[in-house]
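# Structure assessment
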Amino acid sequence: MRREASLFNIVSVVLGLAFLYLPIVILVIYSFNASRLVTVWGGWSTRWYVELFNNAAMLDAAWVTLRIALVSATAATVLGALAALALVRGGRFRGRVLFTGLIYAPLVMPEVITGLALLLLFVAVEVDRGFWTVTIAHTTLTACFVTVVVQARLIGFDRSLEEAAMDLGCTPRQTFFRVTLPLIAPALAAGWMLAFTLSLDDLVIASFTTGPGATTLPIRIYSEVRLGVRPEINAICTLFIALVAVVVVTASLFMKLSGGRARAVPLGAQL
């Protein structure tokens, strides 16, 4: 029996959505504000987007952030998927408890401690801080999130599909790439998007591990916000919101279409 939504439930949902998304809506609207004062509405204008594209420092920081997010999210997805496979399919092996603890440690470890530990590591091995040190740090942070997502998918995975594929003549390698990988692809995509978003958002760890020529956008925005919010900050934040929205919608449509095709094609035809 379908229950009617009560007034309390409706109000709770509306207030919750407003709390989450109203600040983002205000930021997007004020990115088109003609006034230099971000708290005073001066009419609609795109002047701050023009100013943004003339701000070389902000654009360089945005480009560095995107490159770090793409590389670290991809590396974290690969490493996280391998770690999840080891935990779910590896059985009981020597050092499993230690391995599991190391995988899940960044989930509960304060970012200040993680950033400081990575900084001390890079200093100890005499590695110049820059693009790659931030990328390694973000990979370390986000790989555990990918592991959790992929592990949850593998736990509920129907192993009989792999057995059927091998009965039809597939090698273990072919079974993995033709059966296992397509079926866990939604979890991989979700893990990649989560890692990508976390890398874009990170400020604490990046501030410990960054160096000359590797200033990320959160660090740049934080350094400028301390002197006052500039309209260009609203503009670039709006562009990043649009970018993330496009990535999420595209990935969702892709996974929906690929999932529909996978259900429509019988297992024997796929092999």
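Preceding this section is the structure that the text describes.
The present account deals with the structure reproduced in this document. Everything numeric here is computed off the predicted structure, so don't read it as measured data.

### Topic: the overall build of the protein
Assigned secondary structure in the protein consists of 12 helices and 0 strands. Projected onto its principal axes, the C-alpha coordinates of the protein cover approximately 70 × 60 × 35 Å. The burial tally for the protein puts 33% of its 271 residues in the buried class. The contacts of the protein with a sequence gap of at least 6 include a subset with a gap of at least 24, amounting to 72%.

### With respect to the environment of Ile 10
As for its position among the elements, Ile 10 is in helix α1 (residues 7-30). Residue Ile 10 is classed as partly exposed on the basis of its relative accessible area, which comes to 44%. Sequence spacing of Ile 10 and Ile 29 is 19 residues, and the spatial spacing of their C-alpha atoms is 26 Å.

### Comments concerning the packing of helix α3 (residues 56-89) against helix α4 (residues 96-108)
Their axes nearest at 11 Å, the elements α3 and α4 cross at an angle of 145°. As α3 runs across α4, the sense of the crossing is left-handed. Listed contacts from α4 to Ala 83, Ala 86 and Leu 87 of α3 are Arg 96, Phe 99, Thr 100, Ile 103 and Tyr 104. Of the residues assigned to the contact of α3 with α4, the class counts are 6 nonpolar, 1 polar and 1 charged.

### Topic: the nonpolar core
Membership of the largest hydrophobic core comes to 28 residues, with the highest contact counts inside it found for Met 58, Val 150, Leu 154, Leu 217, Ile 221, Ile 236 and Phe 240. Those elements that place two or more of their residues in this core are α2 (47-53), α3, α6 (131-155), α8 (172-201), α10 (217-225) and α11 (231-264). In terms of residue count, α3 provides more of this core than any other element does, 9 residues in total. Not counting the four nearest positions on each side in its chain, Leu 154 is found in contact with Ala 84, Leu 85, Val 88, Arg 89 and Ile 184. Counting 6 residues, the second-largest nonpolar core is a separate cluster that includes Val 64, Phe 131, Val 134 and Ile 219.

Thresholds applied
Residues numbered from 1 in each chain as written. Predicted model: local features only at pLDDT ≥ 70, side-chain atom pairs only at ≥ 80, totals over all residues. Heavy atoms only, no water. Helix = DSSP H or I, 4+ residues; strand = E, 2+ residues; numbered from the N terminus. Buried < 20%, exposed > 50% of the residue type's maximum accessible area, 1.4 Å probe, protein only. Contact = heavy atoms within 4.5 Å. Axes fitted to C-alpha atoms, helices over the stretch in contact; angles between N-to-C directions. Left-handed = near helix turned anticlockwise from the far one by under 90°. Nonpolar A, V, L, I, M, F, W, Y, C, P; charged D, E, K, R; others polar. Core = buried A, V, L, I, M, F, W, Y, C linked by side-chain atoms within 4.5 Å.

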